[in-house]
Amino acid sequence: MDISITPSSLSGSVAAQPSKSAAHRAAICAMLAKGDSHIAPITSTRDMLATFNAALALGAKGTLTSSSLTLNGIKTPPAQAVLDCDESGSTLRFFIPIAAALGVTASFYGRGQLPTRPLEPLVSQLRSHGVTVEKKGDEILTISGRLTPGRYTIAGNISSQFITGLLFSLPLLAGDSEIILTTPLASKGYVDMTLSMLAQFGVVVETLPTGWRIPGHQTYRPRNSMVEGDFSGAAFWLCAGAIQTPVTVTGLSRDTAQGDRAVLSVLEKMGALVQWDGDAVTVSPGALSGIEIDGEDIPDLVPVLAVVACFAQGVTRFSNVGRLRIKECDRLDAMTQGLTALGTKVEQTEDSLTVTGGVPLGGGSVSSFDDHRIAMALSIAALRCASPVIIRSAQCVDKSYPDFYKDFEKLGGICHVI
């Protein structure tokens with residue numbers, strides 16, 4: 001599906017969709033709890049469906065609707081299981097150590113770029129703690145054996161998802177464990193979300209100076225979980241507010257552990273105006289200027305903040321963003337190609353992206369590279385182009401935000417399928 005976007009202004013108010021990251025974590029805790037848990041509201045994205053199906057494959061029972069999820073936790077895990085993770089990196093990286101902790105011989109499959117995304121150093125740590133890891137045919141990998149407790153030494157700067165997967169798994173083991181980081185932790189906000197969700201389901205984790213201590217023999221407690229609004233999805237509308245006319249997003253929390261709440265502080269530093277009113281935040285345009293942005297903890301915000309940088313005077317440089325090259329696509333190259341095609345000067349290195357703003361954008365056709373965040377970011381850029389912009393393969397927004405273009409039109413955007 002290709003989408004044609006006619007330049008227009010977004011304005012008004014839109015409700016934040018439920019946080020995909022929080023829903024993933026609540027679903028996994030519910031799967032590991034003994035009893036029934038109800039999770040709402042949720043958005044039934046492709047990633048959420050992958051996590052739900054993985055939970056069923058490991059022995060949980062439940063129902064998934066368009067707005068809620070009910071799970072009865074695993075009583076007896078199967079001896080063997082096949083888990084289709086679709087394109088969800090979270091599902092794959094969370095469930096590999098979970099299946100290992102349950103002693104399940106599990107084969108993992110995926111599509112798109114998922115089979116090529118890195119699994120080290122997680123796999124090495126599993127191998128050193130009782131797990132056999134193999135690859136056969138077109139699967140991503142197969143694990144067998146049972147995870148053993150102990151000391152897990154792992155780099156924190158490759159993917160926070162490795163840390164989250166271990167945090168879910170180690171409380172299930174027969175003894176105490178530690179996770180020790182050998183490098184600073186990137187995307188710390190996502191690990192904070194995991195720790196918060198674990199606490200809600202009754203799991204105790206002790207923070208150490210360079211990691212965490214996780215007691216074994218723990219039991220997840222079932223509960224009903226309310227999913228907070230998603231800053232990652234809201235960021236697209238908030239950034240639109242920064243470059244055009246004010247936009248309000250409701251259903252957000254000031255006290256969230258979500259790392260992508262940082263979009264507000266970055267937009268303020270660039271010169272936009274940010275105002276809270278209860279659970280609603282409004283971003284209005286200001287005199288935008290280019291700044292230095294460390295993207296290590298906010299990789300998912302970089303594509304849309306690069307769009308804001310197009311309309312800021314001067315140069316905006318994103319540093320520590322090399323991990324964006326191993327997402328659903330090479331996001332640094334994708335944004336370089338897309339914004340350059342629209343008329344912006346963009347330069348990239350292995351670990352940085354530099355955008356020179358203040359030049360009017362044209363129009364034309366750009367590729368989403370089948371990456372939901374690229375499609376959404378370029379859709380926001382199209383609002384201020386001189387002529388219509390065609391986003392190729394825009395259906396990829398279904399991965400995280402199926403109603404993105406409905407909300408786009410609700411706020412006054414003009415788009416149609418071609």
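In what follows, the structure referred to is the one given above.
Keep in mind that what you see is a predicted model, and the values were worked out from it rather than measured.

Reading the values: rules and limits
- Residues numbered from 1 in each chain as written.
- Predicted model: local features only at pLDDT ≥ 70, side-chain atom pairs only at ≥ 80, totals over all residues.
- Heavy atoms only, no water.
- Helix = DSSP H or I, 4+ residues; strand = E, 2+ residues; numbered from the N terminus.
- Rg over C-alpha atoms; globule rule 2.2 N^0.38 Å.
- Buried < 20%, exposed > 50% of the residue type's maximum accessible area, 1.4 Å probe, protein only.
- Contact = heavy atoms within 4.5 Å.
- Areas by Shrake-Rupley, 256 points an atom, 1.4 Å probe, with all protein chains shown as cover.
- Phe/Tyr/Trp six-rings, centres within 6.5 Å; stacked < 30°, edge-to-face > 60°.
- Lys NZ or Arg CZ within 6 Å of the ring centre and 35° of its normal.
- Pairing = 2+ DSSP bridges.
- Axes fitted to C-alpha atoms, helices over the stretch in contact; angles between N-to-C directions.
- Salt bridge = Lys/Arg side-chain N within 4 Å of Asp/Glu carboxyl O.

Right, let's get into the overall build of the protein chain. Counting secondary structure elements, the protein chain contains 12 helices and 24 strands. Scaling as 2.2 N^0.38, a compact globule of 418 residues should have a C-alpha radius of gyration of about 22 Å, and the protein chain matches this with 21 Å. In terms of overall dimensions, the protein chain has C-alpha extents of about 60 × 40 × 40 Å along its principal axes. Scored against the burial criterion, the 418 residues of the protein chain give a buried share of 59%. Restricting to contacts in the protein chain with at least 6 residues of sequence separation, those with at least 24 account for 74%. With the model as given, the accessible surface of the protein chain reaches about 14900 Å², and the carbon-plus-sulfur share is 51%.

Okay, the packing of aromatic side chains next. One pair of aromatic rings is described through two measures. These are the centre distance and the angle between the planes. Scanning all chains against the criterion turns up eight aromatic pairs. With a centroid separation of 4.7 Å and 15° between ring planes, the pair formed by Trp-237 and Phe-404 is classed as stacked. Of the two residues, Trp-237 is situated in helix α7 (residues 231-243) and Phe-404 in helix α12 (residues 404-410); the sequence distance between them amounts to 167 residues. Here Trp-237 and Phe-404 have matching classes, each one buried. The buried category is assigned to Phe-404, whose relative accessible area is 0%. Through a chain of ring-to-ring contacts, the aromatic side chains of Phe-236, Trp-237, Tyr-401, Phe-404, Tyr-405 and Phe-408 assemble into a single cluster. If you follow Arg-223 out to its NZ or CZ, it ends over the ring of Phe-201, 6.0 Å from the centre.

Here we take up the sheet that holds strand β3 (residues 36-40). If you walk across this open sheet you meet the four strands as β4-β5-β3-β14, and the pairing is mixed. Of all strands in the sheet, those bounded by a partner on one side alone are β4 (61-64) and β14 (224-226). If you compare each strand with its neighbour and ignore which way they point, the axes differ by 10° on average. Of the strand pairs in this sheet, β4 and strand β5 (residues 69-72) are connected by four bridges, and their pairing is antiparallel. Counterpart to Leu-64 in the pairing with β5 is Leu-69.

One pass over the full model with this rule turns up 20 salt bridges. When the shortest N-O distance is used, the salt bridge between Asp-300 and Arg-331 registers 3.2 Å. With a gap of 31 residues between them, Asp-300 in the loop between β18 (292-294) and α9 (302-310) and Arg-331 in helix α10 (residues 331-342) connect regions that are remote in the sequence. We classify Asp-300 as buried; its relative accessible area is 12%. One salt bridge connects Asp-403 with Lys-406, and the closest N-O pair in it is separated by 3.8 Å. The network of salt bridges with shared partners includes Lys-20, Asp-47, Asp-300, Glu-328, Arg-331, Asp-371, Arg-373 and Lys-399.

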